[in-house]
Amino acid sequence: MPASFLSLRHHRLDPAANVSGAPTGLRAGAVSAIAPVPAPAASDPGMDPDEAAARRHLHDLLVGVARPELRSLRATGSATAPPDLRRQRIEPSELTKTTVVVFEQVRGALPVFGSHALVELDENRGLVSASAELCGSSQPATLPTLGVERARERLARHLEIAPDRLAGVAPPSLCYFDAGAVAGLRLAWHFEDVPAAPVATRKELEDRQQDGHDLGPSPRQRRFSFDYLVDSEDGNVLYHYSRAPLAFPGELPTRCSGMDDDGSPQQFNGHFAGERYVLWDPHSNLRTFDLAGGDLDGPLPTSPATSPGDEWPAEARAAISAHVNAGRVYDFCRVVLKRDGIDGKGMTVESVVNCTSLADRSPDEWHNAVWFQNRMWYGRAKDGDRYRSYARYLDVVAHELTHGITEHTSNLVYRDQSGALNESFSDIFGVLICNYWLAPARDDVSTWSWDIGPGLGKNGKPLRDMSDPARLGYPVHMREYVRMVRDEGGVHYYSSIHNKAAYNVLTATDDTSKRVFSPEEVAVLYYLTLGRLDRMATFEKALAVLLNVTKTYYGNAAKRERNTTAIARAYADVGIVVRG
Ligand SMILES: [Zn+2]
């Protein structure tokens, strides 16, 4: 952030607001500590009440800032203060029960590059936290001296490339850029997604190749994507940055496409490494290998699957299914559960397809898919004149990867009731994740499929059915629970009792026949529960923890009461109750 920006940090649990870039900081007492900051009394008619509250809180925080130019950002006596901020988004956070309102700073109608103000509100629109990076005002140009074409020429000259290399770049937009205390705010042309790297970056790549650190081809063959800010008065390049999530050379994801094992066209992230494209997504940390019919116990290929072009050939379809489905699980974890991958720390997930096992009924097949030693292993089955991979079942993929999450959280012991819970959580997330991506309407459970491994059971039936376990011969009530020895104490058998309870939760309705929970709420509640269970947890313990999590999660007393009642009822239906 440029030095002339003001940084503001505030949380109501902290003793005082922190502010940098302002000589005297916030006025003492401007921010109340510990006690919640109440919601503003009035709001402007017509404005979203969250936005109005966020603006008022920012106003109160900025009132003590010593820099007069920043005080001009606010206007007294109005809920719309401070005025020079444009709302970008309002995001309710289900995990924290707060709402985040994000603004960018504008001058006139033009954004100030890199500016940002974020206000977090509680359910009563009281202030939970705030942070801001704001720029003081100077008197910048309001009209560009250089037109778009002149700016484009200047950019090409700066990059030492022919101007026609930039012919396909979209027309730039105008913004303000803070060029420091002396130069002040500059009016700049913002060129986006430019397929050329700065000279220094290209030089660095060449040096790395000569050092033997990088096996890539000529850097000019690489697919660069950079943004540039060009001064609209003198044509100098003020700023640039790579648009790729991983900016260091050699690890950029590359968009690829190809058919999956169901014959559906897919787009996915690979990586361009020299002459070939590799099934490695450096963004989500996914690598997919093709054992090409090799035995499970044999050596792993040294490289993930490769393709000569970014359009992958038909032989790669099993690998593409595994890669795409692992990506869907990763994205669900990130978006819904706010979890970074299987271990919560962005670990690399490796998938291996086309595994065979000499021990299976036919040596060039293997009818299974397992999470084992931090890898996904997928078998294949003959289907006419070709093989079909187990990687094409998203519910199976999600089930197996959830075993990985369990391993890194509660690590439920894989036998008896804790083992059945281990299996059940995998089935629950298998169904949640599969329907999140594939159901006709992800928010409406009446459109969902509850089968696990459709077609993989006996006589073409599914392996299990969450909505009606008895249909496939599984128990649905605790009165059917008898200790057993086989199947690690019935982990794949008694799991169906807890599955049915979870199905009851997902489909629970209130007195007005409305659904009590959204599927994403259920996902979060079970995820929070999974993280709080002890290794030897029983079904009863799972219910007790789920109820506790629900009480914490819903701040609103009426909701809390309604939701815990619905869960208790869903579990009582299968004979699971909390005693004493
Ligand atoms: Zn399992």
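That block above? That's the structure.
Not measured: the values here are computed from a predicted model. (Residues numbered from 1 in each chain as written. Predicted model: local features only at pLDDT ≥ 70, side-chain atom pairs only at ≥ 80, totals over all residues. Heavy atoms only, no water.)

Chemist: What is the right way to look at the overall build of the protein in this model?
Modeler: Within the protein one finds 12 helices and 23 strands. Burial status across the protein gives 51% buried among its 580 residues. Taking the contacts inside the protein whose residues are at least 6 apart along the sequence as the reference set, 60% of them involve residues at least 24 apart. Surface summary for the protein: the accessible area is close to 26,400 Å², and the carbon and sulfur share equals 50%. (Helix = DSSP H or I, 4+ residues; strand = E, 2+ residues; numbered from the N terminus. Buried < 20%, exposed > 50% of the residue type's maximum accessible area, 1.4 Å probe, protein only. Contact = heavy atoms within 4.5 Å. Areas by Shrake-Rupley, 256 points an atom, 1.4 Å probe, with all protein chains shown as cover.)

Chemist: I keep staring at the nonpolar core and nothing clicks. Help me out?
Modeler: General note: in soluble globular proteins, nonpolar side chains tend to be found buried as a group. In this structure, Phe429, Tyr526 and Tyr571 are the most contacted members of the largest nonpolar core, which totals 92 residues. For this core, the element with the highest residue contribution is helix α7 (residues 416-438), accounting for 10 residues. Looking at this core, you find at least three residues from each of domain 3 (253-391) and domain 4 (416-572). Apart from residues no more than four positions distant in its own chain, Phe429 is found in contact with Phe332, Leu337, Ala398, Thr402, Cys434, Ala523, Tyr526 and Tyr527. (Core = buried A, V, L, I, M, F, W, Y, C linked by side-chain atoms within 4.5 Å. Domains from an automatic or database assignment.)

Chemist: Explain the coordination of the zinc ion here, please?
Modeler: Expected angles at a metal are 109.5 degrees for tetrahedral coordination by four donors and either 90 or 180 degrees for octahedral coordination by six donors. Only His399 (NE2), His403 (NE2), Glu423 (OE) and Glu423 (OE) from the protein reach the zinc ion as donors, at distances of 2.1 to 2.6 Å. Its 4 donor atoms give the zinc ion angles of 53 to 130 degrees at the centre, a pattern that matches the irregular case. The sequence pattern formed by the donor residues of the zinc ion is H-x3-H-x19-E. Residue His399 is located in helix α6 (residues 394-408), and its partner Glu423 is located in helix α7; the two are separated by 24 residues in the primary sequence. Residue Glu423 is classed as buried on the basis of its relative accessible area of 2%. (Donors = N, O, S within 2.8 Å, 3.2 Å for Na, K, Ca; no water. Tetrahedral: all angles 85-135°; square planar, octahedral: opposite > 155°, others 65-115°.)

Chemist: Whenever I open this one, the sheet that holds strand β12 (residues 253-259) confuses me. Can you help?
Modeler: Pairing in this open sheet of 4 strands is antiparallel, and the strands run β12-β13-β14-β17 from one edge to the other. The sheet terminates laterally at β12 and β17 (306-307), the two strands that pair on one side only. Of the strand pairs in this sheet, strand β13 (residues 265-273) and strand β14 (residues 276-278) are connected by 3 bridges, and their pairing is antiparallel. The residue of β14 that forms the bridge with Ala273 is Arg276. Against the sheet, helix α5 (residues 317-335) engages β12 and β13, with an angle of about 95 degrees to β13. (Pairing = 2+ DSSP bridges. Axes fitted to C-alpha atoms, helices over the stretch in contact; angles between N-to-C directions.)

Chemist: Would you explain α6 in this entry?
Modeler: Structurally, the α-helix is built with 3.6 residues per turn, so residues lying three or four positions apart point the same way. The terminal C-alpha atoms of α6 lie 21 Å apart, and with 15 residues this matches the ideal 21 Å at 1.5 Å per residue to within 8%. Burial of α6 is extensive: 13 of the 15 residues sit out of reach of the surface. (Expected span 1.5 Å × (residues − 1).)

Chemist: Looking at this structure, I do not really get the packing of aromatic side chains. What am I missing?
Modeler: Describing an aromatic ring pair means giving the distance of the ring centres and the angle of the ring planes. The full count for this structure, using the stated rule, is 16 aromatic pairs. Ring centres of Tyr436 and Trp437 lie 5.3 Å apart, and the angle between their planes is 85 degrees; this geometry places the pair in the edge-to-face category. Overall, Tyr436 belongs to the buried group, its relative accessible area being 11%. Note on Tyr493 and Tyr494: the rings are 5.0 Å apart at their centroids and 70 degrees apart in plane angle, and the pair reads as edge-to-face. Residue Tyr493 is classed as partly exposed on the basis of its relative accessible area, which comes to 25%. By the ring-pair criterion, three or more aromatic residues cluster together here, those being Tyr474, Tyr481, Tyr493, Tyr494 and Phe539. Over the ring of Tyr387 we find Arg380, and its NZ or CZ is 3.7 Å from the ring centre. (Phe/Tyr/Trp six-rings, centres within 6.5 Å; stacked < 30°, edge-to-face > 60°. Lys NZ or Arg CZ within 6 Å of the ring centre and 35° of its normal.)

Chemist: I keep staring at the environment of Gln373 and nothing clicks. Help me out?
Modeler: With respect to the element layout, Gln373 can be found in the loop between β19 (366-372) and β20 (375-383). When the C-alpha atoms of Gln373 and Gly404 are compared, they prove to be 9.2 Å apart, with 31 residues separating the residues in sequence.

Chemist: I would appreciate a short explanation of the pattern of salt bridges in the present structure.
Modeler: Close approach of charged atoms allows side chains with opposite charge to pair. Throughout the structure, instances matching the rule amount to 23 salt bridges. A salt bridge links Arg386 to Asp261; the shortest N-O distance between them is 3.1 Å. With Arg386 in strand β21 (residues 386-389) and Asp261 in the loop between β12 and β13, this pair connects stretches of sequence that are 125 residues apart. With a relative accessible area of 1%, Asp261 lands in the buried category. Put simply, Asp427 and Arg464 hold a salt bridge, and the shortest N to O gap is 2.7 Å. Separated by 37 residues along the polypeptide, Asp427 in helix α7 and Arg464 in strand β23 (residues 464-465) bring together distant segments of the chain. In terms of burial, Asp427 and Arg464 fall into one category: buried. Through salt bridges with shared partners, a single network forms among Arg186, Asp231, Glu233 and Asp234. (Salt bridge = Lys/Arg side-chain N within 4 Å of Asp/Glu carboxyl O.)

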